[in-house]
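This is what each chain is made of:
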Amino acid sequence: MPTGLRTDLGEFLRGRRAMMAPSEPSAVVPASRRRVPGLRRQELAESAGISVEYYTRLEQGRAPRPSREVLTALAQVLGLTAGERGHLFRLAGELPPEPLAPGSEIRPGLLQLLRSLDDTVPVTVHDGRLDVMARNAAAAELLGPLSGEGRFRRNIVHQGFTSHARHVLGEEGAHRYARWATAELRSAMGRYPDDGYLRELHAELSATSADFRSFWDQGEVGVGHSAVKHLFHPTRGWQTFQSEMLHDAERDHWMVIYASVG
């Protein structure tokens, strides 16, 4: 690990440790003798399951690159948020860990944004499992009711292989969407390889759709989050939209904005 990263990592650990209040007086050093704020190095090291000597060297920028297991333990003891945990990993020269699952609740501010655009711009929100979590009134009017039944009716990949997709997008547009959706499913399964819901979705589409099997065999991974789409509005006919996807990385939620073109 480069010297600069080691120094930055040590500074970050010292700063976070100083912000932590001991849960109870130390058995080693009585509270009355504390002369520094926060947890002592020994207390933090013991809680993380590492030696105080190694932890001291981490703070001093002299330790070898810590393992992902050590970083995970330190993040837990320090009570880091997802963003702070990612920062800790990057300081140690590691990729931040992927979340175990998308967040189950949309940020209140994002919901307020959806409602404020009810009469002007269609907006939807889906999570990292590709399930629709919310739509504003303009999106519901444009896209119509969620089609189908069963467990996957809110899933945007599953929706791509329904007759409703062809009605809203047309044959050519539905074909492009289904190809994109298949690539997005592959990407989601890469983020959550042990997720039973995604695996069952893949199994169902593989069993019921020849188009899905064909797209899947192409091995594409979803990367495109901007597109021009032609959508059939139930009262206004065919319209063109610039579709943009914005990511809330902490919760793995995606906001899709449909801006009218022309």
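Before reading further, recall that the structure is shown in the block above.
Fair warning: this is a prediction, and the values are worked out from it, not measured in the lab.

*Asks:* Explain the layout of surface pockets here, please?
*Replies:* It is a probe the size of a water molecule, rolled over the atoms, that shows where empty space is left. Considering only enclosed or pocket space, the largest pocket measures out at about 730 Å³ in volume. As for the largest pocket, its lining consists of 34 residues, of which Leu 169, Tyr 177, Trp 180, Lys 229 and Tyr 258 are closest to the centre. Of all the secondary structure elements, the ones that give two or more residues to the lining of the largest pocket are β1 (123–127), β2 (132–135), α8 (156–159), α9 (163–191), β3 (226–233), β4 (237–248) and β5 (253–260). Class assignment for the residues of the lining of the largest pocket results in 16 nonpolar, 14 polar and 4 charged.

*Asks:* How should I be thinking about the packing of helix α4 (residues 68–78) against helix α5 (residues 82–91) in this particular structure?
*Replies:* Axes are the key here: two packed helices are described by the angle between their axes and the distance separating the axes. Two elements in contact, α4 and α5, have axes separated by 10 Å at closest approach and are oriented at 145°. For the pair α4 and α5, the sense of crossing is right-handed. Residue-level contacts link Arg 68, Leu 71, Thr 72, Leu 74 and Ala 75 of α4 to Arg 85, Leu 88 and Phe 89 of α5. Taken together, the residues that form the contact of α4 with α5 break down as 5 nonpolar, 1 polar and 2 charged.

*Asks:* Can you walk me through the pairing of β4 in this structure?
*Replies:* Here is the key point about a regular strand: its side chains alternate between the two faces of the sheet. Where β3 lies against β4, 8 bridges are found, and the strand directions are antiparallel. What sits directly across from Phe 232, in β4, is Trp 238. Between β3 and β4, which pair antiparallel in sequence order, lie 3 residues. Two strands pair when backbone bridges link them, and β4 and β5 are joined in this way by 8 bridges, in the antiparallel orientation. Counterpart to Phe 241 in the pairing with β5 is Ser 260. Hairpin geometry of β4 and β5 is characterised by an intervening segment of 4 residues between the two adjacent antiparallel strands and by a positive phi of about 55° at Asp 252.

Each value, and the rule that gives it
- Residues numbered from 1 in each chain as written.
- Predicted model: local features only at pLDDT ≥ 70, side-chain atom pairs only at ≥ 80, totals over all residues.
- Heavy atoms only, no water.
- 1 Å grid on protein atoms, 1.4 Å probe; cavity = no way out; pocket = protein on both sides within 12 Å on 5 of 7 lines; lining within 4 Å.
- Points joined across faces, edges and corners; volume = space filled by probe spheres on them.
- Helix = DSSP H or I, 4+ residues; strand = E, 2+ residues; numbered from the N terminus.
- Nonpolar A, V, L, I, M, F, W, Y, C, P; charged D, E, K, R; others polar.
- Axes fitted to C-alpha atoms, helices over the stretch in contact; angles between N-to-C directions.
- Left-handed = near helix turned anticlockwise from the far one by under 90°.
- Contact = heavy atoms within 4.5 Å.
- Pairing = 2+ DSSP bridges.

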